[in-house]
Amino acid sequence: MKRTFVLLALALGSLSLAQQRVTIDFWHSMGGVLGEATEALVKDFNASQNRITVRSQFVGSYDDGLNKLRAALQAGGQGRPNVIQVYDIGARFMADSGAVLPLEDLARANNFDLSQFVPQPRNYYSVDGKLYGLAFNSSNPILYFNAQALEQAGIPYRNTWSLADLEVAARKLTVRDASGKTTRYGLSIPIDSWFMEQFSYNSGQFFCNNENGRKARATEVTFNNPAAVAFLDTWARLVREGVAANTGRTWADSQSLFAQGNAAIAIYSTASLTGVLRQVGNRFPLRTAFYPYLRERNGTAIGGAAVYLIRGFGDEQNQASWEFIRYLLRPETQAKWIIGTGYFPVVRGVADLPAVRQAYVRQPNYTTALRQLETSKVNTASAGCLMGGFTEIRQIVQSAIEEAMRGKPAQQALDEAKQRADQVLARYNASVRQ
Amino acid sequence: MSVERRETPWTEAKPQTRFKAGEGLEAALLVVPGVALMLLFIVWPTLNAFWLSFHRENLLGTSREWVGLTNYAEMLKDPAFWRSVGATFVFAAVVAPVQLVLGLVAALMVARPFPGVGLFRTLFFLTTAVPTAVAAVAWGWFLHPVGGTLNRALEAIGLSRQPWLTSPELALPALAVLTAWAGVGFTAILLTAGLQQIPEELYEAARIDGAGSWTQFWRITLPLLSPTLFLVALLILLSSLTAFGQIHLLTRGGPMESTTVWIYRVYQDAFFNFRFYYASAQAVALFLVLLLLAALQFRFFGRKVHYG
């Protein structure tokens, strides 16, 4: 009898709570370790207060998420999420879609000081002068060194590398057998357009016109700029000479090569660090360094993804979404998120927190990305290229990389790719005006 | 020697079924879920793709306009489309013979019972039972450009390693071979069924006439199996024209778009490039090709086959 009463009271209690509670949907694309870290943040948020419940859902890859969003919007908005995580290169698309509630509007309405943001993530996700998305997971590309190989070859470790220096080191680190066949590669870079983009930015060049699409909507790609051409030329030449490995487009295939000690230098994202460290184990000491550049180091753009608020919900729901965003922006939350994921914080003052400091002392390689960010110049080159059709254009760039590796001159491969990419961009821009 | 082939089960005329009053309704109710699912997930999307292929859409697909055959005209002028069609047929041209021959060898080995036949049947069928994703990952390790098992084996016997999935020449054939491998079990089952339909008396008669096993194979097995072989070949062709998972997992259409087959082009244009209308036009074209092949199959098997 008494038990029934207690149960009844509990049921009534939860009923009244449920009436007050606001539930919002959050779609993300973080799988594996990153997915667990994301779910942990959501759980912490739900436990930290009793008014808002965030219902998180893993929606597959970023492209899958965008397709789901697109389908929901096509169906008149039925089932669309309040908050969605979309990759970096979707920034132009999200702004053009008209489906996003700009973060800046909410921040201003809630008196949130936007200067708390680290400038690069803020610049990256600002479209036509307005901040649209919150950089959730932010990364940049870094160099990975097999420190043991470096030492054996008598090459001193350095923080910054020009492309020419990197080439010299890669050649020195290449080991060949008696027949001249490579047994250890000097360098391994997965075939990914991102590295061409970042090399352009880090050398002070643009990947698309109108200053990376930051002064006005981009109408042409400029990935045949001198820096990108030099990078591709060197990379392709080293592959043809057996100094650099060609493991294709799959990052994992390059990472296993590096982790087994069969490539001495590699280029990946800072977000790969946890995974690579785990793969390397005790095989050799690993060191990371800043991304290479052509003549003078400008700074890299951020990669990763941002979370956006979707339009069409009532004030109560939007306010709940903002509370969730606000929670993600707290330095303590940021600290929890970056420790162990390899991403870097997007608001100021996180690196000084004791927990973060300790983590960085334990594994100094995690500081490389952050220091690279802090020492990057803040300009339209390091803001990153903002354009539509980016996924398709990346495919075109990747084909150009593959063509160059087979012997087509880098300049020619990129010039030809530009023709195709410009058509894609023109078609995208036309579809926006429609 | 004159043999009249028995009718295959699927061409036998079914006895006329008559429903009593009330039973018809019950039967109709029973098929409703199946038909509804088919309408919802096959017929409706197909019609939708046809309809969409005559339109242009804005960025989010929230407004569209009728453009007639513009998408088809663009498709026929698009070199990327033709490259994908070419890749598709090269792919099929490798998959079909490899899978057919391997399947036939497997079927011949297990068609007649012998001790342990169950083990071999299981082993052969295993390749079909392995999910595409698992098989693709395993093959990815096997074919890794530097540390893969195959390349290490090649180096161990003094040959040089090959860029199996990272060169535009090798990637498509390599994918075709692993696709054929995955289909061997299914092919073997169909062919085993075909083999078991061949009357044992014929082999006995042939042996009495002094025919060796080679002669028996060419004079009895192959001719009598040929309708099944033809059917299986068509089925392989149809499935290889829509191979997707292994390509998506292993090469994503690269290197240099060499493995961007027709259906992968459709996928990329729709779900990456957000040009659903253009992807629909290409999908409809692929659908028509598949329809043609299916019609061919029905036409061939709808008739009785006699050997005189």
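Not measured: the values here are computed from a predicted model. What you see as residue numbers is a count from 1 along each chain, following the sequence as written. As a convention, the first chain written is A and the first ligand written is 1, with the rest following in written order. Owing to the predicted nature of the model, reporting of local features is limited to residues with pLDDT of at least 70; listing and counting of side-chain atom pairs is limited to 80 or more, with chain, interface and lining totals taken over all residues.

So, about the overall build of chain B. Scanning chain B from N- to C-terminus turns up 12 helices and 2 strands. Each helix and strand of chain B, placed in order from N terminus to C terminus, yields the pattern α-β-β-α-α-α-α-α-α-α-α-α-α-α. Taking the principal axes of its C-alpha atoms as reference, chain B extends roughly 75 × 75 × 35 Å. Here chain B holds 308 residues, and the buried ones make up 33% of them. Across chain B, the fraction of contacts at a sequence separation of at least 24, relative to all contacts at a separation of at least 6, is 69%. The way it works is that DSSP assigns letters per residue, a run of H or I at least four long becomes a helix, a run of E at least two long becomes a strand, and they are numbered from the N terminus. Three exposure classes are used. Buried residues have 20 or more other C-beta atoms within 10 Å of their own C-beta, exposed residues have 12 or fewer, and partly exposed residues fall in between, all C-beta atoms being placed from the backbone. Once C-beta atoms are placed from the backbone, any two residues with those atoms within 7 Å are in contact.

Here the focus is the overall build of chain A. Tallying secondary structure elements over chain A gives 20 helices and 14 strands in all. By its C-alpha atoms, chain A is 85 × 55 × 35 Å across when sized along the principal axes. Looking at chain A as a whole, 53% of its 434 residues qualify as buried. In chain A, once contacts between residues fewer than 6 apart in sequence are set aside, the share between residues at least 24 apart is 76%.

Further remarks concern helix α19 (residues 390-405) of chain A. All names here are of chain A. The first and last C-alpha atoms of α19 sit 22 Å apart over 16 residues, in line with the 22 Å expected at 1.5 Å per residue. Counting buried residues along α19, 15 of its 16 residues qualify, which places the element largely inside the surrounding structure. Taken from the residues just after α19, G407 is the one with a positive phi, measuring 115°. How far a helix is expected to stretch is found by multiplying one less than its residue total by 1.5 Å.

A word on the domain arrangement of chain A. Residues and elements named next belong to chain A. As annotated, the domain borders come from an automatic or database domain assignment. Partitioning chain A into structural domains gives domain 1 (22-139 + 302-372) and domain 2 (141-300 + 388-433). Each of domain 1 and domain 2 was reduced to a C-alpha centroid, and the two centroids are 27 Å apart. Across the contact, 18 residues belong to domain 1 and 19 residues belong to domain 2. Taken together, the elements giving at least two residues each to the side of domain 1 that touches domain 2 come down to α4 (91-97), β14 (303-310) and α17 (367-374). Of the residues that constitute the side of domain 1 that touches domain 2, the class distribution is 6 nonpolar, 9 polar and 3 charged. When residue character is reported, Ala, Val, Leu, Ile, Met, Phe, Trp, Tyr, Cys and Pro are called nonpolar, Asp, Glu, Lys and Arg charged, and the others, Gly included, polar.

Residues and elements named next belong to chain A. The buried fraction of strand β12 (residues 263-269) amounts to 7 of the 7 residues, a majority that puts the element mostly inside the structure. In this analysis, strands are considered paired if DSSP registers two or more bridges between them. Bridging between strand β8 (residues 141-146) and β12 involves 5 bridges; their strand directions are antiparallel. Note on β12: the bridge partner recorded for I142 is Y268.

All names here are of chain B. Axis lines are fitted through C-alpha atoms, for helices just across the contact stretch, and the angle between N-to-C directions can take any value from 0 to 180 degrees. Helix α7 (residues 171-196) packs onto helix α4 (residues 117-129) with a crossing angle of 125° between their chain directions and a minimal axis gap of 6 Å. Between α4 and α7, the crossing angle belongs to the class labelled oblique. When the axes of α4 and α7 are compared, the crossing they make is left-handed. Of the residues in α7, those in contact with F124, F125, L126, T127, T128 and A129 of α4 are W181, A182, G183, V184, G185, F186, A188 and I189. Here the contact of α4 with α7 is built from residues that sort into 10 nonpolar, 4 polar and no charged. Roughly parallel covers angles under 35 degrees, roughly antiparallel covers those over 145, roughly perpendicular covers 65 to 115, and oblique covers all other angles. Each crossing gets its hand from how the near helix is turned against the far one by less than a right angle, where anticlockwise is left-handed and clockwise is right-handed.

Our focus in this paragraph is the packing of helix α12 (residues 251-259) of chain A against helix α13 (residues 273-280) of chain A. All names here are of chain A. Packing of α12 against α13 brings their axes to within 9 Å, and their N-to-C directions diverge by 40°. The angle between the axes of α12 and α13 places the two elements in the oblique class. At the point where α12 passes α13, the crossing takes the right-handed sense. Listed contacts from α13 to Q255, S256, F258 and A259 of α12 are V276, Q279 and V280. For the contact of α12 with α13, the residue count by class is 4 nonpolar, 3 polar and no charged.

This next bit is on the interface of chain B and chain A. Of the residues lining the interface, 20 residues belong to chain B; the matching set on chain A comes to 27 residues. Across the side of chain B that touches chain A, the residue classes tally to 10 nonpolar, 8 polar and 2 charged.

Take G242 of chain A: it is sitting in the loop between α11 (226-240) and β11 (244-245). On a C-alpha basis, the gap between G242 of chain A and R326 of chain A in space is 50 Å, while along the polypeptide they are 84 residues apart.

Another point: the nonpolar core. All names here are of chain A. Core analysis: the largest hydrophobic core is formed by 135 residues, its most contacted members being Y132, Y144, L232, A244, I265 and Y308. The element contributing the most residues to this core is α11, with 9 residues. Looking at which domains feed residues into this core, each of domain 1 (22-139 + 302-372) and domain 2 (141-300 + 388-433) supplies at least three. The nonpolar core is taken to be a set of buried Ala, Val, Leu, Ile, Met, Phe, Trp, Tyr and Cys residues joined by way of C-beta atoms within 7 Å.

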